[in-house]
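Structure at a glance
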Amino acid sequence: MLTSIIEGILCCLTGKAARLVLPLESSEPSDGFEFVEVKPGRVLRVRHIVPERQTIVTEEQYPGKEKTVCNNTDDGSPEINEHNTGSSVHCKRKITVFRDGQMVIKNLGDVLHSEILQCQDGDLEPRSTVEVELADYKETATSPDPSHVPPPPGEQKPAPPPRRHCRKPKRTVFINSKRVISSCKGMDTDVALFFVHGVGGSLDIWGSQLDFFSRLGYEVIAPDLAGHGASTAPQIAAAYTFYALAEDLRAIFKRYARKRNILIGHSYGVSFCTFLAHEYPDLVHKVVMINGGAPTALEPSLCSIFQLPSCVLHCLSPCLAWSFLKAGFARQGTKEKQLLKQGNAFNVSPFVLRAMMSGQYWPEGDEVYHAELTVPILLVHGMCDKFVSMDEDQRMAEILMFAFLKVIEEGSHMVMMECPDTVNTLLHEFFLWEPDMSKKESNKKDTEKTVAISDTLNTMKIKKSMDK
């Protein structure tokens, strides 16, 4: 700690910026690490694991299907999987934003409501309405009416009937599309998993998830954001704005994307997953948001400790690291410290940390932006999280169209490192989930049957009246 304080004082006196994060020693390509130049001089480290398998497409024998031959089965014999077509869900929504700060969401299509562990038998609710108050709306106090005279003491005046205000819509958005939701298995060659970390993290925080899903046969992709892990660290603050980082991830996504892609984001990384899901609705199949917070537009705080000069942050880096350990983990023992070290988390320079926090400006990512998403989304929340509250994730689940919220009681902000087995199980169940539309078809048949019986009875009544 004393060394960091001395280095901070020296950088303040000399006027030089604090030490920047430089790329770590590169790993061999056989380890699954690649270095991708998204822009000239801007290189990101990416861990890309492709399972050993062979794909054979036989359109004559299996029209419309793709066969996957896996060579790493237990008995040595090839395993053949056929991709199912999935279930088609009608996404129809009307989003109305009023001038009084209210947003009304009317779900007119097929809306799925169920817990993630029971989503195999999820019910279909054809119509539902959600009304929420916008986060950026500030209620203004109304001035008293000068013509109003209070009644004398002791005399009770009957309360007037409530007046119905005619709310004027400020903005109306219509969504009318159909989405095919299918089970994503590890041997499906058209499935890819993208893992995106948050501020101060690296792809190493996903170590348990990358190993688990790659062993199941999934193709996994996890990049280091600029200035994090082993990626290059530009020396200009503009390189760490939301839009600059989003363009980096867009390049990574376009490079590795398959036909069905699942995005898994943590903390700040959730915003980038939301951005990609909004930009590529046909390619993003499902999304997982881990401790992502409320669906509000991003705006940097002007009264934050991260607005201090980089040299001051360098002096405070030991305190910031301890604060992150205390707030990011439910326990602060030797195991958690080791996990933090192994995950290479919160190991960025003060310059990068300050630029990342100051660059979190994304006004488009408001409630309406999130409400427009039609992709199924799993929300994972650590009960002991001190960065993101439970109310924020509940608000996110309320606004999203297809949202399943799961709370892990023993987890905190870094829940994927604290409870890897639980998180891996939840993610895998969500990947394999496919909506059961049999109840919808059954209800449709019952309705048609009722209408047919009603028409028959009406015909019989008309015939009897004519006979009379």
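What you are looking at is a predicted structure, and each value in this text was computed from that prediction instead of being measured.

Once that is clear, we can look at unusual backbone geometry. Even without glycine at this site, serine 267 takes up a positive phi of about 55°. Following the sequence through the fold, serine 267 ends up in the loop between β14 (260-266) and α4 (269-279).

Right, let's talk about the confidence of the model for the protein for a bit. Looking at the protein as a whole, the pLDDT averages 76, with 62% of positions reaching at least 70. Segment residues 54-66: pLDDT under 50, and 21 contacts once partners within four positions in sequence are set aside and those in other chains are kept. The model gives residues 114-127 a pLDDT under 50, and that stretch makes 40 contacts with residues more than four places away or in other chains.

What follows is about the sheet that holds strand β15 (residues 284-290). Strand order in the open sheet formed by eight strands is β1-β2-β13-β12-β14-β15-β16-β17, with mixed pairing between adjacent strands. With one partner strand each, in any of the chains shown, β1 (33-39) and β17 (403-408) form the two edges of the open sheet. The average angle at which neighbouring strand axes cross in this sheet is 20°, direction not considered. Direction of pairing for β14 relative to β15: parallel, over a ladder of six bridges. If you follow asparagine 261 over to β15, its bridge partner there is valine 284.

Here we take up the packing of aromatic side chains. According to the stated counting rule, one finds 18 aromatic pairs in the structure shown. Ring centres of tyrosine 240 and phenylalanine 351 lie 6.4 Å apart, and the angle between their planes is 80°; this geometry places the pair in the edge-to-face category. Taken together, the residues span a long stretch of sequence, with tyrosine 240 in the loop between β13 (219-223) and α3 (242-256) and phenylalanine 351 in helix α8 (residues 350-358) at a distance of 111 residues. A residue is classified by how much of its surface remains accessible, and tyrosine 240, at 0% relative accessible area, is buried. Members of the aromatic cluster, connected to one another through ring pairs, are Phe242, Tyr243, Tyr268, Phe272, Phe275, Trp362 and Tyr369. Sitting over the ring of phenylalanine 430, lysine 286 keeps its end group 5.4 Å from the ring centre.

Here is what the cut-offs are and how they apply
Residues numbered from 1 in each chain as written. Predicted model: local features only at pLDDT ≥ 70, side-chain atom pairs only at ≥ 80, totals over all residues. Heavy atoms only, no water. Helix = DSSP H or I, 4+ residues; strand = E, 2+ residues; numbered from the N terminus. pLDDT = per-residue confidence, 0-100. Contact = heavy atoms within 4.5 Å. Pairing = 2+ DSSP bridges. Axes fitted to C-alpha atoms, helices over the stretch in contact; angles between N-to-C directions. Phe/Tyr/Trp six-rings, centres within 6.5 Å; stacked < 30°, edge-to-face > 60°. Buried < 20%, exposed > 50% of the residue type's maximum accessible area, 1.4 Å probe, protein only. Lys NZ or Arg CZ within 6 Å of the ring centre and 35° of its normal.

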